[in-house]
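# A closer look at the structure
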Amino acid sequence: MCAVQAGFLGKRTLVLEKNDRVGAKILISGGGRCNYTNMYATDQQFISQNQHFCKSAFSQWTVDDTISFFETYGIQGKEKTLGQLFPLSDKAKDVVEVFTSLCADMDQEIWCNAEVKMVEKTDEGFTVRVEIDGRQEYVSAASVVIAAGGLPIPKMGATDFGLRTARNFDLKIIDTAPALVPLTITGKDQPWYEQLSGNSIFCRVWNDRISFEENILFTHWGLSGPAILQISSYWKPGEYINIDLLPNQNIAELIQQEKEVNGKKMLLAYLAGLYTRKFAEALSDKLPVEKNLASLTKTDIEDISALIHEFKVKPAGDKGYDKAEVMRGGVSTDELSSKTLEAKKVPGLFFGGECVDVTGWLGGYNFQWAWASGFVIAQNL
Ligand SMILES: Cc1cc2nc3c(=O)[nH]c(=O)nc-3n(C[C@H](O)[C@H](O)[C@H](O)COP(=O)(O)OP(=O)(O)OC[C@H]3O[C@@H](n4cnc5c(N)ncnc54)[C@H](O)[C@@H]3O)c2cc1C
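Residues numbered from 1 in each chain as written. Predicted model: local features only at pLDDT ≥ 70, side-chain atom pairs only at ≥ 80, totals over all residues. Heavy atoms only, no water.

## Concerning the pairing of strand 5 (residues 84-87)
- Neither face of strand 5 is exposed, since Gln-84 and Phe-86 on one face and Leu-85 and Pro-87 on the opposite face are all buried.
- Judged from the 2 bridges that link them, strand 2 (residues 37-38) and strand 5 form a sheet pairing that is antiparallel. For Asn-38, the partnering residue across the bridge sits in strand 5 and is Gln-84.
- Relative to strand 5, strand 4 (residues 77-79) runs antiparallel, the two being bridged by 3 bridges. From the neighbouring strand, Glu-79 faces strand 5, where its bridge partner is Leu-85. (Buried < 20%, exposed > 50% of the residue type's maximum accessible area, 1.4 Å probe, protein only. Helix = DSSP H or I, 4+ residues; strand = E, 2+ residues; numbered from the N terminus. Pairing = 2+ DSSP bridges.)

Written as structure tokens, this is what we have:
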């Protein structure tokens, strides 16, 4: 995006990509369909030490700018859910092709299989050391843009290059961690989750900082699904997560209503109707599922309410960078101008995208940040 926007302004750029093609993460994003923005994105869906930092970039490049940019180059969007926009074609490769063909049209050079090893300041600007097929090349540039992504999915070429370069220039890094990542359950509780593997439930998931209403998914090693990925970005090891398994309804009132018409119904059958048979059976070690509704005591109802509306989980950990969709933390926003994304201490050096300490929710927000930061940097090269 940065090279394309720079091209629109008549500025020449060279894109250096260590993989054999550009946009590998775009290609796998959104299950290969690329959720390229979110219609409702604001600065509120981003995590950063400085919550206000992303506002300037988002005012310079808005969601409407993303939508019309892609429409101009042949990608109509369709909303899947919660404002998430995907190409009508369902093909992430169409998104990559917009960038590669615009770069080609404007003679913005792209070198693939070109791994940047080092960026050094010189009197005139910068020297970039690149390794291509085992040989070293040196490229001089007036400005350098570090858009090297984050640590997730190392097998796709993710590196710590952005962080390393920032450190080399003595820029502060905010501690990094996997985010939008499934959470693991180990020990004596693990078999309980494993038996439910594949079951998905619409829930409200919350802690003292945030709350999300989306599905959770049980897996043989713990919990996944959009609501869990979302809260994982706000979770720290050792903390509990609360889950309301029946958001916006009251299980005690529902049972009372059902009891009046069908008191003989077993709690097991009632819960199987609300969820799945498997889930109702799994609750047998926690609730008196063999009782009929009429015989439930006040304490039984309180226990059911507590379990359904405030189910507590203490994950053992997360699935790490192999499964994370994004990295939390990164180059400290204190080091960058929010208006230009240029390093305050190093004129001509810019950082954009995931390597900066701006992390979006699940749902197209991270690409909106990537596009906005690319646009902003291009204006200031
Ligand atoms: C499975 C998955 C699904 C996702 N789905 C979505 C989604 O649907 N919507 C959404 O908004 N976000 C999604 N994301 C997040 C999104 O992909 C990233 O936030 C986004 O790609 C970040 O863009 P970037 O340009 O900063 O980094 P990247 O897209 O990671 O690009 C960085 C590039 O730099 C290259 N590179 C790294 N080091 C060097 C080096 N030393 N020399 C040369 N090249 C180097 C890498 O090979 C890479 O191609 C998903 C992420 C994953 C892992």
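## A short note on the pattern of salt bridges
- Going through the model one piece at a time under the given rule, you end up with 17 salt bridges.
- Residue Lys-172 is joined to Asp-334 by a salt bridge in which the shortest nitrogen-to-oxygen separation is 2.9 Å. With a gap of 162 residues between them, Lys-172 in the loop between helix 6 (161-168) and strand 11 (173-179) and Asp-334 in the loop between strand 19 (326-331) and strand 20 (349-351) connect regions that are remote in the sequence.
- A residue is classified by how much of its surface remains accessible, and Lys-172, at 41% relative accessible area, is partly exposed.
- Overall, the relative accessible area of 45% leaves Asp-334 in the partly exposed class.
- A salt bridge links Glu-258 to Lys-265; its shortest N-O distance comes to 3.3 Å.
- For Glu-258, a relative accessible area of 19% translates into the label buried. (Salt bridge = Lys/Arg side-chain N within 4 Å of Asp/Glu carboxyl O.)

## Digging into the pairing of strand 14 (residues 211-219)
- The pairing of strand 13 (residues 200-206) with strand 14 spans 7 bridges and is antiparallel. Pairing of Phe-202 across the sheet is with Asn-215, part of strand 14.
- Two successive antiparallel strands, strand 13 and strand 14, enclose a turn made up of 4 residues.
- Here 3 bridges tie strand 14 to strand 15 (residues 222-224), and the two strands are oriented antiparallel to one another. When the sheet's bridge partners are listed, Thr-219 is paired in strand 15 with Gly-222.
- Here strand 14 hands over to strand 15 after 2 residues, the two strands then running antiparallel side by side.

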